[in-house]
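One-letter residues, chain by chain:
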Amino acid sequence: MFYWLTGLSDGGDFFNLFRYITFRAGGAFLTALVFGFIFGKPLINVLRRRQGKGQPIRDDGPEGHFVKAGTPTMGGLLIVGALLTSTLLWARLDNPYVWMVLFVTMSFGAIGFADDYAKVSKQNTAGVPGKLRLLLGFLISGIAAFWATQYHPDALQYQIALPVFKDVLLNTGMFFVPFAIIVIVGSANAVNLTDGLDGLAIMPVMIASATLGVISYFVGNSVFAGYLDVHYVEGTGEILIFCAGLIGGGLGFLWYNAPPAAVFMGDTGSLALGGALGAIAVATKHEIVWAIVGGLFVVEALSVIIQVLYFKRTGKRVFLMAPIHHHYEKKGWAEPQIVIRFWIIALILAMIGLATLKVR
């Protein structure tokens, strides 16, 4: 919205600053951060009053989690609210990629909100039926995938770009849409599975957002795209503003989610943020790189898949408990130890992902 102020500029005054994506990204970050600090405590108080007993705790979960009973959930509303506000204020509203990512974020956030509400109101861990969640996720992701392809350059439309091998494109035709659906839905659910300890999911999400934000900016800038030898996708630079808002909102949320958490993100936040990151990867043609940057989320999801499949086949378990962060809890690792080590892993994977931008 503030971009419209450039209409008041003569080319050399204050209003000219609003032309620059980097300036508006800084504004989005600060706006989201202040939003989190202002509305964080009031939101937590409302959630605590409305939810009573808070998020239900699994009976078969780690014993240390029972002390968290009564902690309110749906804290993702704070992140999504900060993210939505900052993006609408600072991004160009004529950019299709911004609207595509916002569509995925809000839609998956709505699914998560319904799931959290069902759990809290019924005081059980069932929530919205898994098949319905998955069906809605496929529908939303399908719309977003087709949306993105309509604005990708002709040379990249329905193509999968590979990291390192910069000249290689896999022409998948209409199969690109199912591929993109898997990326977005898988991303949303992987982040959702990671959100099991205080502060565990939000910091890797912010690290991934910063990484994808940088990639978006480079991919959307013809000069940088040429220098780094990546495929140029006009307009994706504006996604940096969305990512900056996510980081600011995430920091505001982490202030209250740091151990011992005063509020949980819930599916409201984890599905919304995971879906958003997947959508950014699709928009920027960096789906494979996203698998590297979001490798921590991939491992969390794979640990659940492996556990379920192996148990059905043999009646035995590979891990003491899945997702894998619970396995380490069962092994006796302290919660802060797991969280901080997973943060370090997320940062290392992000650096590896960025390194793929210039490999020759």
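Residues numbered from 1 in each chain as written. Predicted model: local features only at pLDDT ≥ 70, side-chain atom pairs only at ≥ 80, totals over all residues. Heavy atoms only, no water.

## Quick look at the pattern of salt bridges
Any two side chains of opposite charge can pair, given that their charged atoms come close. Under the defined criterion, the tally for this structure stands at six salt bridges. We note a salt bridge from Asp115 to Lys119, for which the minimum N-O separation is 3.1 Å. Of this pair, Asp115 and Lys119 both sit in helix α3 (residues 96–122), four residues apart, which is roughly one turn of that helix. Relative accessible area serves as the criterion here: at 0%, Asp115 is assigned to the buried category. Its salt-bridge partner being Arg133, residue Asp115 comes within 3.1 Å of it at the nearest N-O pair. Residue Asp115 is found in helix α3, and its partner Arg133 is found in helix α4 (residues 130–149); the two are separated by 18 residues along the sequence. The exposure classification of Asp115 matches that of Arg133, with both residues buried. Through salt bridges with shared partners, a single network forms among Asp115, Lys119, Arg133 and Asp267. (Salt bridge = Lys/Arg side-chain N within 4 Å of Asp/Glu carboxyl O. Helix = DSSP H or I, 4+ residues; strand = E, 2+ residues; numbered from the N terminus. Buried < 20%, exposed > 50% of the residue type's maximum accessible area, 1.4 Å probe, protein only.)

## Focus: the packing of helix α6 (residues 202–219) against helix α8 (residues 239–257)
Between α6 and α8, whose axes approach to 8 Å, the crossing angle comes to 165°. One finds that α6 runs roughly antiparallel with respect to α8. Crossing angle aside, the handedness with which α6 passes α8 is left-handed. Here α6 contributes Ile202, Met203, Val205, Met206, Ser209, Ala210, Leu212, Gly213, Val214, Ser216 and Tyr217 to the contact with α8, which in turn contributes Ile239, Leu240, Cys243, Leu246, Ile247, Gly250, Leu251, Phe253, Leu254 and Asn257. (Axes fitted to C-alpha atoms, helices over the stretch in contact; angles between N-to-C directions. Parallel < 35°, antiparallel > 145°, perpendicular 65-115°, else oblique. Left-handed = near helix turned anticlockwise from the far one by under 90°. Contact = heavy atoms within 4.5 Å.)

## Considering the packing of aromatic side chains
Per the stated rule, a full pass over the model turns up 15 aromatic pairs. Between Tyr217 and Phe224, the ring centres sit 5.9 Å apart and the planes meet at 50°, which makes this aromatic pair tilted. Here the aromatic rings of Trp290 and Phe297 are separated by 6.2 Å at their centres, their planes lie at 45°, and the arrangement is tilted. Comparing Trp290 with Phe297 shows no difference in burial state: the two are buried. Cluster of aromatic residues (ring-pair linked, three or more members): Phe18, Phe23 and Trp90. Above the ring of Trp333, the side-chain terminus of Arg341 is found at 4.7 Å from the ring centroid. (Phe/Tyr/Trp six-rings, centres within 6.5 Å; stacked < 30°, edge-to-face > 60°. Lys NZ or Arg CZ within 6 Å of the ring centre and 35° of its normal.)

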